[in-house]
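These are the residues of each chain, in order.
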Amino acid sequence: MNKKRVLSGVQPTGNLHLGNYLGAIRNWVESQEEYDNFFCVVDLHAITVPHDPTTLAEDTYTIAALYLACGISLEYSTIFVQSQISAHCELAWLLNCITPLNWLERMIQFKEKAIKQGENVSVGLLDYPVLMAADILLYEADLVPVGEDQKQHLELTRDLVVRFNDKFATPEAPVLKMPNPLIREEGARIMSITDGTKKMSKSDPSDWSRINLLDSPELIEKKIKKAKTDPIKGLWFDDPERPECDNLLTLYRILSQKSKTEVINECQDMGWGQFKPLLIETIIETLRPIQSKYYSIRAEQTYLDNILKQGATKASTVANQTLTKVKNALGYLPS
Ligand code: TYM
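Values in this document were obtained by computation on a predicted structure and should not be read as measured data. (Residues numbered from 1 in each chain as written. Predicted model: local features only at pLDDT ≥ 70, side-chain atom pairs only at ≥ 80, totals over all residues. Heavy atoms only, no water.)

Colleague: Provide a residue-level description of the overall build of the protein, including the pertinent values.
Modeller: Assigned secondary structure in the protein consists of twelve helices and five strands. Compactness check: the protein gives a C-alpha radius of gyration of 21 Å against a globular reference of 20 Å for 335 residues, within 12% of the reference. Dimensions along the principal axes, computed over C-alpha positions, put the protein at roughly 70 × 45 × 45 Å. Sorting the 335 residues of the protein into buried and exposed places 51% on the buried side. In the structure as shown, the protein presents an accessible area of about 16100 Å², 53% of it carried by carbon and sulfur atoms. Placing the 37 positive and 44 negative side-chain charges of the protein at their respective mean positions leaves the two points 1 Å apart. (Helix = DSSP H or I, 4+ residues; strand = E, 2+ residues; numbered from the N terminus. Rg over C-alpha atoms; globule rule 2.2 N^0.38 Å. Buried < 20%, exposed > 50% of the residue type's maximum accessible area, 1.4 Å probe, protein only. Areas by Shrake-Rupley, 256 points an atom, 1.4 Å probe, with all protein chains shown as cover. Lys, Arg positive; Asp, Glu negative; His and termini not counted. Charge placed at Lys NZ, Arg CZ, Asp CG, Glu CD.)

Right, dumping it as structure tokens:
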């Protein structure tokens with residue numbers, strides 16, 4: 001039996017943080033043997049907000065190397081760079097022409113990011129979800145493992161599939177495959193460590209708000225020591241009045257691979273002075289092997305270049321087949 005297809009991606013905007021790891025990459029790694037996986041570095045998405053051309057290529061390598069360092073295996077997965085497969089832009093254009101403008105205007109992430117950009121909001125930022133739909137649909141993905149914040153984009157992708165197939169295909173022979181989001185409850189929304197009501201984010205101007213996968217042990221210690229807490233005695237989960245407490249306990253629970261009950265039994269009588277060193281140690285020990293693997297991969301540039309080259313070859317074969325099907329359905333001359 002053919003394995004189900006998985007596709008997901010991360011933007012090369014700086015470093016990856018614990019939210020990206022726990023909401024996405026760790027889940028990709030855990031289930032990769034079950035599926036036929038395509039993981040891309042979505043560098044076309046990275047320029048939807050102002051970017052630095054002198055760091056884009058380096059950031060792209062960083063994310064690809066982090067995929068490998070976190071445990072993505074080439075035995076089960078293809079790693080590639082989005083901009084190296086021209087079909088992504090082509091399908092995005094074709095889908096643009098069937099996407100109602102108001103579907104995009106109501107996207108929460110667009111509204112949030114647009115506020116930050118003021119008058120400089122680009123058409124690309126508005127169009128971001130259509131490019132994301134193209135990423136997913138080109139690979140005929142069955143499943144898309146992402147964090148909670150991507151749910152609305154996945155719904156838009158699904159709506160586009162219905163719209164395209166209704167207009168240009170038949171129920172017996174659909175052209176676009178319907179994908180399903182794969183959002184695990186655990187780790188799907190990791191919060192900022194300086195404000196437990198905001199999600200941990202690469203675009204937060206303060207680096208103190210997140211733990212990056214490549215932060216040194218010293219920096220991790222400083223960041224967790226500075227992390228926002230409260231003066232209440234005892235630690236527990238799920239208290240809306242204590243978002244920081246829930247977030248830090250959740251980080252500890254997931255990274256130490258303990259159950260909620262185990263963590264409650266261990267930590268309920270602790271103060272922050274006792275709990276924080278435990279959390280610091282757990283984060284450092286989780287990231288240590290990832291960091292050491294990352295630096296050895298980065299020391300071999302040719303190895304990484306070859307992986308991305310092979311990934312591009314494999315990805316473009318699959319993507320071009322879908323693009324041809326879509327163009328045929330739209331009535332284009334054969335190329
Ligand atoms: P990006 O780079 O912003 O985020 C990458 C992944 O990390 C998840 N994530 C989080 N999960 C839990 N807690 C957080 N605080 C947190 N912050 C981020 C995101 O949900 C995502 O899974 N639009 C995508 C990139 C993309 C994509 C795609 C994903 C482009 N094309 C096709 C899947 C399929 C994004 O926001 O990436």
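Colleague: An account of the nonpolar core is requested, with residue identities and associated values reported.
Modeller: Judged by nonpolar contacts, the single largest core of 58 residues is most densely connected at L18, I25, Y67, F275 and I283. Per-element accounting of this core gives the leading share, ten residues, to helix α11 (residues 272-298). Sequence-distant contacts of I25, defined by excluding residues within four places in its chain, comprise V10, L16, N20, Y67 and C70. Core analysis: the second largest hydrophobic core is formed by 46 residues, F80, L91, L156 and L160 among them. (Core = buried A, V, L, I, M, F, W, Y, C linked by side-chain atoms within 4.5 Å. Contact = heavy atoms within 4.5 Å.)

Colleague: Residue-level account of the environment of L278, with values.
Modeller: By the secondary structure assignment, L278 is in helix α11. A relative accessible area of 24% means that L278 is categorised as partly exposed.

Colleague: Break down the site of the ligand for me, with residues and values.
Modeller: Y128, D135, D149, Q150 and I190 are the nearest of the 28 residues found near the ligand. In this structure, an oxygen atom belonging to the ligand sits 2.9 Å away from a main-chain N or O atom of Q11. In the model, an oxygen atom of the ligand is placed 2.4 Å from a nitrogen or oxygen of the D149 side chain. In isolation the ligand has 710 Å² of accessible area, and contact with the protein removes 97% of it. Among the elements of the structure, β1 (5-10), α1 (18-31) and α6 (123-138) are those that each provide at least two residues to the shell around the ligand. Each residue belonging to the shell around the ligand can be placed in one class, and the counts come to twelve nonpolar, eleven polar and five charged. (Near = heavy atom within 4 Å. Polar contact = N/O pair within 3.5 Å; in protein donor to acceptor, adjacent residues only side chain to side chain. Nonpolar A, V, L, I, M, F, W, Y, C, P; charged D, E, K, R; others polar.)

Colleague: How would you explain the pattern of salt bridges if you had to name every residue and give the values?
Modeller: One pass over the structure, following the stated rule, counts 19 salt bridges. A salt bridge links K177 to D142; the shortest N-O distance between them is 2.8 Å. Residue K177 is located in the loop between α7 (151-168) and β5 (180-182), and its partner D142 is located in the loop between α6 and β4 (143-145); the two are separated by 35 residues in the primary sequence. Exposure remark for K177: the relative accessible area of 34% places this residue in the partly exposed category. Looking at D142, the relative accessible area reads 14%, which means it is buried. The closest approach of N and O atoms between K258 and E266, which form a salt bridge, is 3.0 Å. You can call K258 partly exposed: its relative accessible area is 28%. (Salt bridge = Lys/Arg side-chain N within 4 Å of Asp/Glu carboxyl O.)

Colleague: Just give me the short version of α11, but keep the residues and values in it.
Modeller: Counted at 1.5 Å a residue, the expected span for α11 with its 27 residues is 39 Å, and the 37 Å between its end C-alpha atoms agrees. Of all bends in α11, the biggest is about 35°, found at R288, and the proline P289 comes one to four residues later. (Expected span 1.5 Å × (residues − 1). Bend = angle between axes of the 7 residues up to and from the residue.)

Colleague: I'd like a rundown of the pairing of strand β3 (residues 77-81), residues and numbers included.
Modeller: When you tally the buried positions in β3, you get five out of five residues, the bulk of the element. Along β3, one buried face is formed by S77, I79 and V81 and the opposite face, lined by T78 and F80, is buried too. Two strands pair when backbone bridges link them, and strand β2 (residues 36-41) and β3 are joined in this way by five bridges, in the parallel orientation. Residue pairing in the sheet places N37 in a bridge with S77 of β3. Viewed along the sheet, the connection from β2 through helix α2 (residues 56-70) into β3 turns out right-handed. (Pairing = 2+ DSSP bridges. Right-handed = clockwise from strand over helix to strand, strands pointing away.)

Colleague: So what's going on with the packing of aromatic side chains? Residues and values would help.
Modeller: Applying the stated rule across the entire model yields nine aromatic pairs. Summarising the aromatic geometry, the rings of W28 and F39 are spaced 4.3 Å apart at their centres and angled 5° between planes, so their arrangement reads as stacked. Placement of W28 in helix α1 and of F39 in strand β2 is noted, with a sequence separation of eleven residues between them. Judged by relative accessible area, which is 0%, F39 ranks as buried. For the pair Y294 and Y295, a centre-to-centre distance of 5.0 Å together with 80° between the ring planes defines the contact as edge-to-face. By the ring-pair criterion, three or more aromatic residues cluster together here, those being W28, F39 and Y67. Above the plane of the ring of W103 lies R163, whose end atom (NZ or CZ) is 5.4 Å from the centre. (Phe/Tyr/Trp six-rings, centres within 6.5 Å; stacked < 30°, edge-to-face > 60°. Lys NZ or Arg CZ within 6 Å of the ring centre and 35° of its normal.)

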